[in-house]
Amino acid sequence: MSNPRIVLLFSGKRKCGKDYLTERLLQRLTPDRAQIVRISEPIKRCWADKLGLDLGELLGDGPYKERYRREMIEWSDGRRAEDYGFFCRAACSEGVVAAREVCIVSDVRRKTDVRFFRETFGERVRTVRIVAGEETRTERGWKFQQGVDDVQSECDLDDVTEWDLLVENEAGADVEGILARIEALL
């Protein structure tokens, strides 16, 4: 990856609004200044290649991805056990077309993800945790899945308390205010 001035790591449970907020942040900062990198993209690309699946559907937010989510998590956990930074490195190399000042990593899910970015970018890393209650997440389409919502990919960061910014993104949240708080980290 080129040398961004700031690397923003976003984490949070499924349907807390990570993708929505990071997309809105990108619009606000503009693609000339910032870009979004997704750790899940190389995971889904490898999984699609391995099983001959539709990558476009896996990258989406529909039932197709949900049908494969649990197996994909288990497979990617095995790969991470061999090399914890594998998917982070792949996301960085695939996600960068040109140097940008701000790199937004939209889907940090594990302590090893944070470790990789801190080891790679040091003091340039800022962490943002997005939280939303179960009622709000349910309204956004979340439904608890055993083997998905109770495993490391969803729970590994639950006990982390030191975030540069903790954001509550409940229904009706002041999105512009949230984005301003995130921008202040820059």
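Structural data are supplied above this passage.
Residues numbered from 1 in each chain as written. Predicted model: local features only at pLDDT ≥ 70, side-chain atom pairs only at ≥ 80, totals over all residues. Heavy atoms only, no water.

## Quick word on the packing of aromatic side chains
In plain terms, the rule: When the centres of two rings from Phe, Tyr and Trp lie within 6.5 Å, Trp using its six-membered ring, the rings pair. Their planes under 30 degrees apart give stacked, over 60 give edge-to-face, and anything left gives tilted. Here a strand is any run of E in DSSP of at least two residues, a helix any run of H or I of at least four, and the numbering for each starts at the N terminus. Throughout, exposure labels follow a simple rule: accessible area from a 1.4 Å probe, protein chains only, divided by the maximum for the residue type, with under 20% read as buried, over 50% as exposed, and the rest as partly exposed. Our definition puts a charge over a ring when NZ of Lys or CZ of Arg is within 6 Å of the ring centre and also within 35 degrees of the ring normal.
In this structure the tally under the stated criterion is six aromatic pairs. Taking the centre distance of 6.3 Å and the plane angle of 15° together, the rings of Phe117 and Phe121 count as stacked. One end of the pair, Phe117, and the other, Phe121, are both in helix α6 (residues 111-121), four residues apart, so they sit about a helical turn from each other. Note on Phe121: relative accessible area 5%, which makes it buried. Clustering of aromatic rings is evident, with ring pairs tying together Trp47, Trp75, Phe86 and Phe87. Stacked on the ring of Tyr84, the Lys or Arg Arg115 has its end atom at 4.0 Å from the ring centre. Over the face of the ring belonging to Trp142 we find Arg137, whose NZ or CZ atom lies 4.1 Å from the ring centre.

## Overview of the packing of helix α1 (residues 18-29) against helix α9 (residues 175-183)
Using the following cut-off: Simply put, an axis is a line fit to the C-alpha atoms, just over the touching stretch for a helix, and the angle between two N-to-C directions goes from 0 to 180 degrees. When describing relative orientation, an angle under 35 degrees is termed roughly parallel and one over 145 degrees roughly antiparallel, while 65 to 115 degrees is termed roughly perpendicular and anything else oblique. By definition, any crossing whose near helix is turned counterclockwise from its far helix by less than a right angle is left-handed, and any crossing with a clockwise turn is right-handed. Two residues form a contact once any of their heavy atoms are found within 4.5 Å. Each residue gets one of three labels, nonpolar for Ala, Val, Leu, Ile, Met, Phe, Trp, Tyr, Cys and Pro, charged for Asp, Glu, Lys and Arg, and polar for the others, Gly among them.
In the contact formed by α1 and α9, the axes pass within 10 Å of each other and the chain directions differ by 70°. By the angle class used here, α1 and α9 are roughly perpendicular. Two packed elements cross with a definite hand, and for α1 against α9 that hand is right-handed. Across the interface between the two elements, Tyr20, Leu21, Arg24, Leu25, Arg28 and Leu29 from α1 touch Val175, Glu176, Ile178, Leu179, Ala180, Ile182 and Glu183 from α9. Across the contact of α1 with α9, the residue classes tally to nine nonpolar, no polar and four charged.

## Some remarks on helix α2 (residues 40-51)
Because each turn of an α-helix spans 3.6 residues, side chains separated by three or four positions in sequence point in the same direction. The condition is simple: To estimate the expected span of a helix, subtract one from its residue number and multiply by 1.5 Å.
Its 12 residues give α2 an end-to-end C-alpha distance of 16 Å, which sits within 8% of 16 Å, the value for a rise of 1.5 Å per residue. Restricting attention to buried positions, one finds in α2 the residues Pro42, Ile43, Lys44, Trp47 and Ala48. At the exit of α2 stands Gly52, carrying a positive phi of roughly 70°.

## A short note on the nonpolar core
Note the cut-off: To qualify as a nonpolar core, a set must consist of buried Ala, Val, Leu, Ile, Met, Phe, Trp, Tyr and Cys residues joined through side-chain atoms within 4.5 Å.
Val7, Leu9, Ile39, Leu58, Val105 and Phe117 are the most contacted members of the largest nonpolar core, which has 26 residues in total. If sequence neighbours within four positions are ignored, Leu9 has contacts with Val105, Val108, Val114, Phe117, Val125, Arg126, Thr127 and Val128. Core analysis: the next-biggest nonpolar cluster, separate from the first, contains 22 residues, Cys16, Ile36, Ile104 and Val128 among them.

## Things to note about the side chain of Lys65
You can see Lys65 is positioned in helix α4 (residues 63-82). Overall, Lys65 belongs to the buried group, its relative accessible area being 9%. If we skip the residues at most four places from it in the chain, Lys65 touches Lys44, Glu57, Leu58 and Gly60.

## Describing the pairing of strand β5 (residues 165-168)
Keep this limit in mind: DSSP-based pairing: two strands are paired if at least 2 bridges between them are found.
Where burial is concerned, the two faces of β5 differ: the one with Leu165 and Val167 is buried and the one with Leu166 and Glu168 is not. As paired strands, strand β4 (residues 125-131) and β5 are joined by four bridges and run parallel to one another. Note on β5: the bridge partner recorded for Ile130 is Val167.

## Description of the environment of Glu176
Mapped onto the secondary structure, Glu176 falls in helix α9. The spacing of Glu176 and Leu58 is 118 residues in sequence and 30 Å in space, taken between C-alpha atoms.

## Let's talk about α1
Heads up, the rule is: Picture the helix axis, draw a direction to every C-beta atom, and the arc is the one those directions span.
Counted at 1.5 Å a residue, the expected span for α1 with its 12 residues is 16 Å, and the 16 Å between its end C-alpha atoms agrees. Along α1, the positions that sit buried rather than exposed are Lys18, Leu21, Thr22, Leu25, Leu26 and Leu29. Down the axis of α1, the buried set is contained in an arc of 140°. They therefore lie on one face. Looking at the packing, one finds that the buried side of α1 touches β1 (6-12), β2 (34-37), β3 (102-108), β4 and α9.

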